[in-house]
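Tertiary structure, described
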Amino acid sequence: RGLTPGMISFTDMEEQPNRPTWSKQIEFTLAGIGCAVGLGNIWRFPYLCYRSGGGAFLVPYLLMLFVLGIPLLHMELTVGQYTRRGPVHALAIVCPLFKGVGMASVAISFIMCTYYNLVITWALYYLFSSFQAPLPWQTCNNTWNTPNCTDHATNSSYSSTASQEFFKCVYPCGETRTGSQYQKKEHGYKHALYSDEIGTIRMELCLLLILAWILIYLCIFKGVKSTGKVVYFTALFPYVILIALLINNAQLPGALEGIKFFILPKWEKLLSLEVWVNAAAQIFNSIGIGFGSLMAMSSYNSFHNNVLKDTLTISIINSLTSILAGFVIFSAFGYMSYLQGIPVTDLAVDGPGLVYVVYPQAFANMPVAQLWAVLFFLMLLCLGLDSEFAMVEVLVTSLLDEFNQKLLQIFRWKELLVLAVCGAAFIIGIPCVMEGGIYVFQLMDHYTAIVSIMFLAFFEVIAICWIYGVKQLSSNLEEMTGKRPNVFFRACWLVIAPPLITVILIFSIIQFKPARYEDYVFPPWAQGIGWVIAMASIIWIPLAAFHTLWLLPGSFMQVIYLLFCFALSCIFTETNSSSSPVSNYLLG
């Protein structure tokens, strides 16, 4: 029969045979925390605080957590657990017209997992390099160092620190570049892109990328049975390291000044609309709304699991982790400002360089530098693994939901299917480990994480909150837990979240800037490739909607007219139930 919103029952959800569930509910909670807590908590949150007036950023950040992050996470977990499907089938069930939103979330997760694993590769590269004495970024006595290298902290534009040069040397290093040789090659990795060439494969990085994918495979090849065991370590270990680092950093000279900058607000920054939008976007991206990862994971919950408890646990711990990381990072900032003899506000801080340049530079001046470096990069590895296997799991879950029998006939075992997915992602990610790989990474991240996710999230919220409807979502939650959501959640779903997501989307479009890395602005052909990458996920939303409308009887104008009437009824009266003839026609 046609599946119309309001007509889904628990019996329908049980029709999928042999769907595994988490061995213990704590495993899903830890997996959800690991999925939400990632490298963005360690570098993007402190960077936004640094740029947005320190403690002043915490005001809009915490407000957005309660009006945007928690309600939308509650929405996604409810849909995933109730439908017991991955994002593609879940969205097709609750709103067939926007089933492309689920397809887009799978596409964006797969695209992201192909290049996000490079961050894990960097962590492995630094981790193995940390077992040397001295650390390779402690001195300028290496073959890759330039004449302008300095082994002490500096903020001069005419010289670079050993840690800055080591990060750049993650790609083409190992060759002496002094005098005229350096002037000619100019760090090699820049030469590759300035001449519009991507260069050759860096075998060290390629082998580490293979190792990273092996680790991912071992985490998820048995589905929730293996993932549930891994998260006990990968989700909890980073907190041990963060606390240890905070205790160590707090004893360093200048650390208190950095912490003061973090917690003492500059209230005038709150007058900037950009600060509020950045706070909302950080909550949004950190928790992972729209990626489909948590929706896929919640589909393996027991039907009567307490969704609200998991929602509050995951979202609040995610934000507390960001604040804890803020104390760790800003205490290191204070130490660096002490070494350089400049205010904290004058430090050069930006994105990934925060954890791969600034912090390693701080390690180089700490007692027992090798120990802290090993622990720090092992922590980054755990954070990256949690986020990565969650993205891969979205694709595996969706493929099994759609083609379970056919895929098992081809691969015979699910383990081989997971191996094929990891292998395909590795092959697509090979350009990221070539000499110009840092630019490939920057281009893909800019057009996926910034452009695509905002469009996807907008349509997901509209599909679930307005078209499927708060009334139906509340009924589903009551069927699972025996309690309807309170008025706060219903108000956020219906009134606050959709307009807020719209504002973020519009502001993202207005302030959009072409991709760049340091002083290199990507040429038009590269920008074109970036938009192709972005459209590879977004395009599924209109394609699926047109396909649904095309199959409906009646003329095109009749369909458009009824769609318009249906949209108005969803927004103002919530008459999107099985008794609505418009709903039956458009969504049945």
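Residues numbered from 1 in each chain as written. Predicted model: local features only at pLDDT ≥ 70, side-chain atom pairs only at ≥ 80, totals over all residues. Heavy atoms only, no water.

With that out of the way, let us pick up the overall build of the protein chain. Looking only at helices and strands, one finds 26 helices and four strands in the protein chain. A total of 588 residues make up the protein chain; the buried ones form 60% of that total. The long-range share in the protein chain, meaning contacts at least 24 apart out of those at least 6 apart in sequence, stands at 83%. Put simply, the protein chain shows about 23100 Å² of open surface, and 67% of that area lies on carbon and sulfur atoms. (Helix = DSSP H or I, 4+ residues; strand = E, 2+ residues; numbered from the N terminus. Buried < 20%, exposed > 50% of the residue type's maximum accessible area, 1.4 Å probe, protein only. Contact = heavy atoms within 4.5 Å. Areas by Shrake-Rupley, 256 points an atom, 1.4 Å probe, with all protein chains shown as cover.)

One finds Leu68, Tyr356 and Leu380 to be the most contacted residues of the largest nonpolar core, which totals 195 residues. Ranked by residue count, the leading element in this core is helix H21 (residues 437-481), at 26 residues. The contact partners of Tyr356, leaving out residues within four places of it in the chain, are Trp43, Val119, Trp122, Ala123, Tyr126, Ser163, Phe167, Phe377 and Leu380. (Core = buried A, V, L, I, M, F, W, Y, C linked by side-chain atoms within 4.5 Å.)

So, about a nonpolar patch on the surface. A cluster of nonpolar side chains, Ile201, Met203, Leu207, Ile210, Ile214 and Leu218, forms an exposed patch at the surface whose accessible area comes to about 530 Å². Here Ile210 is to be found in helix H11 (residues 203-220). Given the relative accessible area of 34%, Ile210 is considered partly exposed. (Patch = residues over 30% accessible without salt bridge, like charges linked within 9 Å, V, L, I, M, F, W, Y side chains within 5 Å. Salt bridge = Lys/Arg side-chain N within 4 Å of Asp/Glu carboxyl O.)

Within helix H6 (residues 87-94), six of the eight residues are buried, leaving the element largely enclosed by the surrounding structure. Considered for burial, the residues of H6 that qualify are Pro87, Val88, Ala90, Leu91, Ile93 and Val94.

On to the packing of H6 against helix H19 (residues 369-411), then. Where H6 contacts H19, the axes come no closer than 7 Å and their chain directions differ by 60°. Between H6 and H19, the interaxial angle falls into the category oblique. In this structure, H6 contributes Pro87, Val88 and His89 to the contact, and H19 contributes Val394, Ser398, Asp401 and Glu402. Looking at the contact of H6 with H19 residue by residue, the class counts come to three nonpolar, two polar and two charged. (Axes fitted to C-alpha atoms, helices over the stretch in contact; angles between N-to-C directions. Parallel < 35°, antiparallel > 145°, perpendicular 65-115°, else oblique. Nonpolar A, V, L, I, M, F, W, Y, C, P; charged D, E, K, R; others polar.)

This part takes up the UniProt feature "binding site: Na(+)" (unreviewed entry) in the protein chain. Per the UniProt entry, the sites bearing "binding site: Na(+)" (unreviewed entry) are Gly34, Ala36, Val37, Asn41, Ser286, Asn318, Leu383, Asp386 and Ser387 in this numbering. For this annotated set, covering 354 residues, all C-alpha atoms fall within 13.0 Å of each other, a compact arrangement in space. Topologically, Asn41 is positioned in helix H3 (residues 39-42). A relative accessible area of 1% means that Asn41 is categorised as buried. Aside from chain neighbours lying at most four places away, what touches Asn41 is Ala36, Pro46, Ser286, Asn318, Thr321, Ser322 and Ala325. A polar atom in the side chain of Asn41 sits 2.9 Å from the backbone nitrogen of Gly38. Checked against the element boundaries, Asn318 lands in helix H17 (residues 307-340). Among the residues examined, Asn318 registers a relative accessible area of 0% and is labelled buried. (UniProt positions renumbered as here; feature names shortened; annotations may be inferred. Polar contact = N/O pair within 3.5 Å; in protein donor to acceptor, adjacent residues only side chain to side chain.)

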